[in-house]
Amino acid sequence: MGSIFYNFNDCLDNLDSYEKTININVGLRPSGKLHIGNFATLLLSFMLSDTINSNGKDSMLRLTICDLDLPYLEEDGSPDNCIINYRDMPDEEGCHDSFSLHVSDNVEKTVRLVQGCGLNFNYEINFFSELQKELGYRVGLKKLLDKNMDVKMIYNGDRPRKSKSDKTLVYPLCPECRTSSKSSSRYDSERGVLSMECLNAMCDVDSFEFDVYDTEYDIAVHFFLNAIRDIMIEPFADVHVLGGDYASIHGGNRIRGVEKVKSLMELMGAGTPDYLVGPLLMGNNGQKMGKSIGNGLNFFELIEDQGDDIIYKMIDFTRENIINNTEYPKNDSLKINYEQIKSILKI
Ligand SMILES: [Zn+2]
Ligand SMILES: [Zn+2]
């Protein structure tokens with residue numbers, strides 16, 4: 001079983017015995033612009049890969065755009081807070097065919113900028129909408145669905161909740177309108193069948209059902225379950241790099257996000273990768289920096305103002321304060337407050 005690391009060097013030491021290519025997975029949620037907090041997590045994974053390579057080993061970085069996620073749509077007839085495939089969503093800036101491609105292009109630009117500043121790593125970009133169609137992924141998902149109560153206990157706390165907020169973690173997409181909703185989908189464990197009502201008023205479909213293994217249908221999941229790919233789709237991940245917000249308590253019970261992800265994966269009984277938890281960047285209002293909170297600093301706007309300097313500053317900062325920081329907390333991610341961020345970025 002893998003371990004959870006908050007410290008870069010501890011994570012690196014644990015990989016020391018590997019003879020093969022070390023696989024590093026990172027997930028990117030696409031629901032907005034790349035902000036500096038996302039960049040900090042990405043940079044940590046780039047630097048992990050670069051460090052492994054410069055130690056004479058091989059590593060491969062897989063960046064997955066989790067493009068079945070929760071956007072905020074109100075104007076196009078879709079239900080509010082629905083889940084939709086970003087591949088079907090128009091790119092509002094008009095430069096790509098879909099929002100997914102727009103995001104992947106931004107990720108690629110970011111990689112090129114960082115490699116131009118001297119970091120050396122191999123990478124590929126994947127889309128979660130494709131990975132969830134792999135049979136191995138569905139096998140893992142079905143294992144979790146069959147352990148529904150255990151999943152609920154990890155997710156909600158000691159006592160499974162029986163209320164309206166007792167959410168499922170699995171959201172099938174309507175085959176017609178391609179939306180889903182956060183209201184419960186139902187799972188019939190006897191038949192291995194998921195069923196769902198389509199709540200989109202503009203859609204003719206009332207309800208639908210399908211076999212979990214039927215990859216003609218798309219299944220979105222709570223983002224904690226995205227990590228199924230690490231252990232069910234080859235090549236399996238050795239390390240999964242997570243943002244610093246995974247070190248915080250998630251939901252009603254007192255369990256950290258990263259511990260929930262690990263526990264969920266352990267339910268599949270396939271072993272887990274190591275988890276490296278990145279730094280947590282705090283916004284100007286004392287809350288964590290986040291797209292949904294609206295206090296994120298846009299990475300590309302900073303690049304426009306300052307050019308590559310931003311990247312050099314972030315690399316230096318990460319090397320001095322995260323990688324070479326002997327005072328680094330062993331069981332918590334490093335919190336970087338807004339005053340510190342301003343002085344690092346000189347803004
Ligand atoms: Zn675009
Ligand atoms: Zn529909």
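Given the structure is predicted, the values throughout are model-derived calculations rather than measurements. All chains use their own residue numbering, which begins from 1 and follows the written sequence. Written order determines the labels here, with chains lettered from A and ligands numbered from 1. Two thresholds apply to this predicted model, a pLDDT of at least 70 for residue-level local features and 80 or more for giving and counting side-chain atom pairs, whereas whole-chain, interface and lining totals are computed over all residues. Excluding hydrogens and water, the side-chain figures rest on all heavy atoms present in the structure.

Quick word on the coordination of the zinc ion (ligand 1)
For the record, the criterion: Donors, by definition, are the N, O and S atoms found within 2.8 Å of a metal, the threshold being 3.2 Å for Na, K and Ca, and water is not counted, so a site can look incomplete. Geometry is assigned from the angles between donors: four donors with all angles from 85 to 135 degrees make a tetrahedral site, four or six donors whose opposite pairs exceed 155 degrees while the rest stay between 65 and 115 make square planar or octahedral sites respectively, and everything else is labelled irregular.
Distances from the zinc ion (ligand 1) to its protein donors, namely Asp91 (OD), Cys95 (SG), His96 (ND1) and His102 (ND1), fall within the range 1.8 to 2.2 Å. One way to put it: the four donor atoms around the zinc ion (ligand 1) meet at angles of 99 to 118°, and that makes the site tetrahedral. Read in sequence order, the donor residues coordinating the zinc ion (ligand 1) give the pattern D-x3-C-H-x5-H.

Things to note about the sheet that holds strand 5 (residues 83-85)
Keep this limit in mind: Two strands qualify as a pair provided that DSSP identifies no fewer than 2 bridges between them. Here a strand is any run of E in DSSP of at least two residues, a helix any run of H or I of at least four, and the numbering for each starts at the N terminus.
Spatially, the three strands line up as an open sheet ordered 4-5-8, and their pairing is antiparallel. The open sheet has two edge strands with one neighbour each: strand 4 (68-69) and strand 8 (179-180). Here two bridges tie strand 4 to strand 5, and the two strands are oriented antiparallel to one another. Bridging from a neighbouring strand, Leu68 pairs with Asn85 of strand 5.

Observations concerning the environment of Arg186
Our working definition: Any two residues having at least one pair of non-hydrogen atoms within 4.5 Å are treated as being in contact. N or O atoms within 3.5 Å of each other form a polar contact, as long as, within protein, one can give a hydrogen and the other can take it, and as long as residues adjacent in sequence are counted only when both atoms are side-chain atoms.
Following the sequence through the fold, Arg186 ends up in strand 9 (residues 186-188). For the pair Arg186 and Leu15, spaced 171 residues apart in the sequence, the C-alpha separation amounts to 41 Å. Not counting the four nearest positions on each side in its chain, Arg186 is found in contact with Val193, Leu194, Ser195 and Glu197. Here the side chain of Arg186 touches Glu197 through a polar contact of 3.3 Å, side chain to side chain.

Side note on the pattern of salt bridges
Worth spelling out the cut-off: Only one rule defines a salt bridge in this text: a Lys or Arg side-chain nitrogen within 4 Å of an Asp or Glu carboxyl oxygen. Relative accessibility decides the category of a residue: with a 1.4 Å probe and only protein chains considered, values under 20% of the type maximum give buried, values over 50% give exposed, and everything between is partly exposed.
Throughout the structure, instances matching the rule amount to 18 salt bridges. As a salt-bridge pair, Arg87 and Asp67 come within 3.7 Å of each other at their nearest N and O atoms. You can see Arg87 sitting in the loop between strand 5 and helix 3 (99-116) and its partner Asp67 sitting in the loop between strand 3 (59-65) and strand 4, a full 20 residues away along the chain. Residue classification places Arg87 among the partly exposed residues on the basis of a relative accessible area of 29%. We note a salt bridge from Asp245 to Lys288, for which the minimum N-O separation is 3.3 Å. You can see Asp245 sitting in the loop between strand 13 (239-242) and helix 8 (257-266) and its partner Lys288 sitting in the loop between strand 15 (280-281) and helix 9 (299-306), a full 43 residues away along the chain.

Description of the pairing of strand 2 (residues 22-28)
The buried fraction of strand 2 amounts to six of the seven residues, a majority that puts the element mostly inside the structure. One ladder, built from seven bridges, connects strand 2 with strand 3; its direction is parallel. Directly across from Leu28, in strand 3, lies its bridge partner Ile65. For strand 2 and strand 13, the ladder comprises three bridges, and the chain directions are parallel. When the bridges of strand 13 are listed, Asn25 appears paired with His240.

Overview of the sheet that holds strand 9
Under the convention used in this document: For helices, the fitted line uses only the C-alpha atoms of the stretch in contact; every axis is such a line through C-alpha atoms, and the angle between N-to-C directions lies from 0 to 180 degrees.
Read from one edge of the open sheet, three strands run 9-10-11, paired in antiparallel fashion. Each end of this open sheet is capped by a strand with a single partner; those strands are strand 9 and strand 11 (207-211). Each strand of the sheet is rotated relative to its neighbour by a mean of 20°, with strand direction disregarded. Here strand 9 pairs with strand 10 (residues 193-197) via three bridges, running antiparallel. Across the sheet, residue Arg186 finds its bridge partner in strand 10, namely Ser195.

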